[in-house]
Amino acid sequence: MIGRMTGAATRGLLVALLIAIPALLLPGSDAEASQITLLVAFVAAMLTFLEYNSRLPSIVEFRDAPPFNRLRFMSLIFTVLVLSLIARGQTYPTMLTTGLTSLGTILGNAVDFPYSPVRLVVLMLPADASGDTVNLVRTSAGLAYLVSLVALAAFLVLVRVMGWPARQGAFNVWVNLPLFDPTAGGDVLHRLQRDARINIALGFLLPFLIPAVVKAAADLVVPISVSNSQTMIWTISAWAFLPASMIMRGIAMGRVAEMIQDKRRRAYADAHLQAA
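Along every chain, residues carry numbers that run from 1 in the direction the sequence is written. It should be noted that, the model being predicted, local features are given only for residues of pLDDT at least 70 and side-chain atom pairs only at 80 or more, the latter also being counted only at that level, while totals for whole chains, interfaces and linings use all residues. Hydrogens and water are ignored here; the side-chain numbers use all heavy atoms of the structure.

Asker: Give me the lowdown on the environment of A45, citing residues and values where you can.
Answerer: Structurally, A45 is set in helix 2 (residues 31-53). Each residue gets one of three labels from its accessible area relative to the maximum for its type: buried under 20%, exposed over 50%, partly exposed in between, using a 1.4 Å probe on protein chains only. Assessed through its relative accessible area of 14%, A45 is described here as buried. When the C-alpha atoms of A45 and G89 are compared, they prove to be 29 Å apart, with 44 residues separating the residues in sequence. The contact criterion used throughout is that any non-hydrogen atoms of two residues lie within 4.5 Å. With residues near it in sequence (within four places) discarded, A45 still touches G12 and A16. Going along the chain from the N terminus, every DSSP run of H or I of four or more residues is numbered as a helix, and every run of E of two or more is numbered as a strand.

Asker: An account of the pattern of salt bridges is needed here, citing residue identities and associated values.
Answerer: Put simply, a salt bridge is a Lys or Arg side-chain nitrogen that is within 4 Å of an Asp or Glu carboxyl oxygen. Counted by the stated rule, this structure contains nine salt bridges. With its nearest N and O atoms 2.6 Å apart, the salt bridge here joins D112 to R119. Residue classification places D112 among the buried positions, given a relative accessible area of 14%. In this structure R119 comes out as partly exposed when scored by relative accessible area, which is 25%.

Asker: Would you mind going over the packing of helix 3 (residues 68-89) against helix 9 (residues 229-275) in detail, with residue names and values included?
Answerer: Here helix 3 crosses helix 9 at 160 degrees, and the two axes come no closer than 10 Å. One element, helix 3, and the other, helix 9, form an angle in the roughly antiparallel class. The element helix 3 and its partner helix 9 pack so that their crossing is right-handed. Facing F68, L71, R72, S75, L76, T79, V80, L83, S84 and A87 of helix 3, the residues of helix 9 in contact are S229, M232, I233, W234, I236, S237, F241, S245, M248, R249 and A252. Gly is placed with the polar residues, together with every amino acid not listed as nonpolar (Ala, Val, Leu, Ile, Met, Phe, Trp, Tyr, Cys and Pro) or charged (Asp, Glu, Lys and Arg). Among the residues making up the contact of helix 3 with helix 9, the classes are represented as 13 nonpolar, six polar and two charged. Here an axis means a line fitted to C-alpha atoms, over the contact stretch when the element is a helix, while the angle between two N-to-C directions is reported on a 0 to 180 degree scale. Just so you know how the angles are binned, under 35 degrees is roughly parallel, over 145 roughly antiparallel, 65 to 115 roughly perpendicular, and the rest oblique. Helix crossings get a hand from a simple test, with the near helix turned counterclockwise from the far one by less than a right angle marking a left-handed crossing and a clockwise turn marking a right-handed one.

Asker: Break down a nonpolar patch on the surface for me, citing the residues and quoting the values.
Answerer: Patch rule: a residue counts if its relative accessible area is over 30% and it has no salt bridge; like charges are joined within 9 Å, and nonpolar side chains (Val, Leu, Ile, Met, Phe, Trp, Tyr) within 5 Å. Using the Shrake-Rupley algorithm and a 1.4 Å probe, accessible areas are obtained, with residue cover drawn only from the displayed protein chains. Taken together, the side chains of L39, F42, V43, M46, L47 and L50 define a hydrophobic patch exposed on the protein surface, amounting to about 600 Å² of accessible area. Looking at the element boundaries, M46 is found in helix 2. Using a relative accessible area of 35% as the deciding quantity, one classes M46 as partly exposed.

Asker: Kindly report on the nonpolar core, identifying the contributing residues and their values.
Answerer: Residue types Ala, Val, Leu, Ile, Met, Phe, Trp, Tyr and Cys, when buried and joined through side-chain atoms within 4.5 Å, form a set referred to as a nonpolar core. Residues V121, M232, I233, I236 and W239 are the most contacted members of the largest nonpolar core, which totals 29 residues. At the level of elements, helix 1 (2-25), helix 3, helix 5 (117-123), helix 6 (131-160) and helix 9 are the ones that each hand at least two residues to this core. The element that contributes the greatest number of residues to this core is helix 3, accounting for eight residues. Apart from residues no more than four positions distant in its own chain, V121 is found in contact with V137, A141, P211, I236 and W239.

Asker: Kindly report on the packing of helix 6 against helix 9, identifying the contributing residues and their values.
Answerer: Relative to each other, helix 6 and helix 9 sit at 15 degrees, their axes nearing to 9 Å. Taken together, the axis directions place helix 6 and helix 9 in an arrangement best described as roughly parallel. Judged by the sense of rotation from one axis to the other, the crossing of helix 6 with helix 9 is right-handed. Looking at the contact of helix 6 with helix 9 residue by residue, the class counts come to 19 nonpolar, two polar and three charged.

Asker: Lay out the environment of A196 in plain terms, naming residues and giving numbers.
Answerer: Within the fold, A196 resides in helix 8 (residues 188-217). According to the relative accessible area criterion, A196 is buried, its value standing at 5%. Dropping the residues within four chain positions of it, A196 is found in contact with G250, M253 and G254.

Asker: Account for unusual backbone geometry, naming residues and giving values.
Answerer: The omega angle of the peptide bond from P66 to P67 is 5 degrees, so this bond is cis rather than trans. Turning to its location among the elements, P67 is positioned in the loop between helix 2 and helix 3. Of note, the amide linkage connecting W164 to P165 takes the cis form, showing an omega dihedral of -5 degrees. Turning to its location among the elements, P165 is positioned in the loop between helix 6 and helix 7 (173-176). Unlike most non-glycine residues, F62 shows phi in positive territory, near 55 degrees. For F62, a relative accessible area of 1% puts it in the buried group. Located in the positive-phi region is Y115, a residue other than glycine, with phi close to 70 degrees.

Treat this as a map of the structure, not an account of what it does.
In C-alpha cells, the structure reads:
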C-alpha cells in the first residue's frame, strides 16, 4: 500500500511539473497566468494520484503494462521542455538554447516541403505573422516532430524486438483496457483489430488534419495566437504528441489482439490433440 501510494504521488508530482515547465522557464509570466497554471497543475496531479493509487482501473490504459505510459510521458515532457528552452532562448540565449534552436532550424527546414505536416503548421499561422514567429514555429515543429518519431520508433522496438507486453507476465485486459468492454458485442479479437486500425489511421492523419481544422475554424472563432509563447508551446506539443500517442495506442491494441489470437490458436491445437 505504501509503495503504491508513493508511486502515485511521484507520478502526480511529475505531471504537475510537466504543466508548470513553460511557466517556470519563460520570462514575463504574469500573476494571473501563474495562478491558473498552478491550479491546473494541482488538479492534474490530484487526478493522477487518485488514478494510480486505486487498485481498480479507471481511465488510464495500459496502467500495468510498462513502459507504455512512461514512454508517452517522457516524450511529452521532453517536447515541452525543449520548446520552452527554445522560446526562452529568444530572450535569454545560452549555449543550450542556441544549440537547440540550430538543431530545430535544420530539422524544420529539412521537412518543410509542400504538403508536409510542418509546412501545414506554418500555413496555419495568420497572414500577418512576423518572420521571427514563422521561424520559431517552424523550428519548434521540427524538433517536436523528431521527438514524436523517436518515441514511436522506441515503442516499435519494445513491441517487435523485446516482446512487449508478454515479458511483463500475464496481461490483464480488464485492468489495462478499462474503457474497452469485452461484453459489448461481437468478437473481442475483431474489435481490437478494428480499433487498432482506426487509431493508427487517425494517428497518421492528425498531423495534417489539425492545422487544417485550426485554419478553417479561425474564421469562425478567435484564432489561436502563437505570439504567446506558452500557447505556441502547448499547441505544437499537442500537434506532435497526439498523433504519435494514437499510433502507439493502435500498435498496442494490435499487439493485444495478436496475443489473444495466439492463445486461441494454442487452445484449439491442444483441444484437437486431446480429441485425437
